[in-house]
Amino acid sequence: MSARRLTRKEKQAHTRSRLIQAAGTVFARRGLHHASIDDVAEEAGFTKGAFYANFASKEELFLAMLDVRFAARLEELERATASDEPPEEQARQAGADFSRAIAADPEWERLFFEFAAHAGRNEPFRRELVKRYRGLRKQIEELYRRRIERDPEMDAAPLSLERLSLMTFAMVNGMALEKMLEPDAVDDELYGTMLMIFFAGLRTLVQEGSAFQAG
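1. Brief notes about the overall build of the protein chain
Regarding its fold elements, the protein chain presents 9 helices and 0 strands. When the helices and strands of the protein chain are placed in sequence order, the string is α-α-α-α-α-α-α-α-α. Each principal axis of the C-alpha distribution contributes one length, and for the protein chain these read about 65 × 45 × 30 Å. Across the protein chain, the fraction of contacts at a sequence separation of at least 24, relative to all contacts at a separation of at least 6, is 68%. Within the structure as shown, the protein chain displays about 12500 Å² of accessible surface, and the carbon and sulfur contribution to it stands at 53%. Across the protein chain, 32 positive and 36 negative side-chain charges occur, with their mean positions spaced 9 Å apart.

Following this line, the structure appears as structure tokens:
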């Protein structure tokens, strides 16, 4: 039996996937500014025309790569928060998952910070990057909301869900930066420990009826 022919939509999805995979290799090898669109297309086995049929620029390609990464991280968080473990233990598990992801592909964090610095000098790209950030934070807020429904005590936490999501985002980025700069000082347990202490402290504030308010 002959193999089924791919539809046009399937072919395009396959091409995009190949380009995204190739970009990770090329960007890691040459860096953002030295890697060219020709390099990415050649690595993927396509022409420059195939690249431009799917992406308008290197920045747009990076955003597609980011979408894939964010989707994977969200799946991990969904698994971690779906259990009936206390929030502190769920936080430890989420931290361990993220540490494993960094260890599996350390080049990604270097690439991410390179593009983040680039966004600081490219306003259109910065806006698109922030749009992705806010979208993921909104999804994380929803995960927290569903978790709080199973732990009504935490509903009295002195932080809005928006603030809570932003703070955990800031922690993960800070940890990733430290891991990139000083890998020997940042062990695989650090981020999980940070999150566990954060949520344990949050629970203590709730239990003590703290008047503290943070947005």
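2. As for empty space enclosed by the protein
All chains considered together, the criterion is met by 1 cavity of 30 Å³ or more. Of the pockets and cavities examined, the largest cavity occupies roughly 730 Å³. Taken together, 39 residues line the largest cavity, and the ones lying closest to its centre are Leu-77, Ile-140, Thr-168, Val-172 and Tyr-191. Elements that contribute at least two residues to the lining of the largest cavity include exactly helix H4 (58-81), helix H5 (87-104), helix H6 (106-119), helix H7 (123-149), helix H8 (161-181) and helix H9 (190-207). Class assignment for the residues of the lining of the largest cavity results in 27 nonpolar, 4 polar and 8 charged.

3. Section: the confidence of the model for the protein chain
Per-residue confidence for the protein chain gives a mean pLDDT of 85; residues scoring 70 or more make up 92%. Here H5 stands out as the least confident element of the protein chain, with mean pLDDT 81; helix H2 (residues 37-44) is the most confident, with 94. Under a pLDDT of 50 for its full length, residues 211-215 has, in the predicted model, 9 contacts with residues more than four places off or in other chains.

4. A look at the environment of Gln-90
Among the structural elements, Gln-90 can be located in helix H5. A C-alpha to C-alpha distance of 23 Å links Gln-90 and Asp-105, two positions 15 residues apart in sequence. Apart from the residues lying within four places of it in its own chain, the contact partners of Gln-90 are Ala-80, Thr-81, Ala-82, Ser-83, Asp-84, Glu-85, Arg-147 and Arg-150. Polar contacts involving the side chain of Gln-90 include one to the side chain of Arg-147, which spans 2.9 Å.

5. Observations regarding H8
Taking 1.5 Å of rise per residue, 21 residues should cover 30 Å, and H8 covers 31 Å from first to last C-alpha, within 8% of that figure. Taken together, the buried positions of H8 are occupied by Leu-161, Leu-164, Ser-165, Thr-168, Phe-169, Met-171, Val-172, Met-175 and Ala-176. Seen along its axis, H8 keeps its buried residues to an arc of 160°; they face one direction. Across from the buried face of H8, at angles greater than 90 degrees, the exposed residues are Glu-162, Ala-170 and Leu-181.

6. So, the pattern of salt bridges
Should the charged atoms of two oppositely charged side chains come close, the side chains can pair. Evaluated as defined, the whole model comprises 17 salt bridges. Of the charged contacts, one joins Asp-67 and Arg-132 as a salt bridge, the two residues approaching to 3.1 Å between their closest N and O atoms. Note that Asp-67 is positioned in helix H4 and Arg-132 in helix H7, a separation of 65 residues in sequence. Looking at Asp-67, the relative accessible area reads 35%, which means it is partly exposed. Its relative accessible area of 22% is what places Arg-132 among the partly exposed residues. In this structure, Arg-145 engages Glu-142 in a salt bridge whose closest nitrogen and oxygen atoms are separated by 2.9 Å. Remark: Glu-142 and Arg-145 occur in helix H7; sequence separation between them is 3 residues, near one turn of the helix. A relative accessible area of 34% places Arg-145 in the partly exposed class. A relative accessible area of 31% means that Glu-142 is categorised as partly exposed.

7. With respect to the packing of H4 against H7
Interaxial distance between H4 and H7 falls to 11 Å at its minimum, and their mutual angle equals 10°. The angle between H4 and H7 places the two elements in the roughly parallel class. Every residue of H7 that contacts H4 at Glu-59, Phe-62, Leu-63, Leu-66, Asp-67, Phe-70, Leu-74, Leu-77, Glu-78 and Thr-81 is listed here: Phe-125, Glu-128, Leu-129, Arg-132, Tyr-133, Leu-136, Gln-139, Ile-140, Leu-143, Arg-146 and Arg-147. Of the residues contributing to the contact of H4 with H7, the split by class is 12 nonpolar, 2 polar and 7 charged.

Rules behind the numbers
Residues numbered from 1 in each chain as written. Predicted model: local features only at pLDDT ≥ 70, side-chain atom pairs only at ≥ 80, totals over all residues. Heavy atoms only, no water. Helix = DSSP H or I, 4+ residues; strand = E, 2+ residues; numbered from the N terminus. Contact = heavy atoms within 4.5 Å. Areas by Shrake-Rupley, 256 points an atom, 1.4 Å probe, with all protein chains shown as cover. Lys, Arg positive; Asp, Glu negative; His and termini not counted. Charge placed at Lys NZ, Arg CZ, Asp CG, Glu CD. 1 Å grid on protein atoms, 1.4 Å probe; cavity = no way out; pocket = protein on both sides within 12 Å on 5 of 7 lines; lining within 4 Å. Points joined across faces, edges and corners; volume = space filled by probe spheres on them. Nonpolar A, V, L, I, M, F, W, Y, C, P; charged D, E, K, R; others polar. pLDDT = per-residue confidence, 0-100. Polar contact = N/O pair within 3.5 Å; in protein donor to acceptor, adjacent residues only side chain to side chain. Expected span 1.5 Å × (residues − 1). Buried < 20%, exposed > 50% of the residue type's maximum accessible area, 1.4 Å probe, protein only. Arc of directions from axis to C-beta. Salt bridge = Lys/Arg side-chain N within 4 Å of Asp/Glu carboxyl O. Axes fitted to C-alpha atoms, helices over the stretch in contact; angles between N-to-C directions. Parallel < 35°, antiparallel > 145°, perpendicular 65-115°, else oblique.

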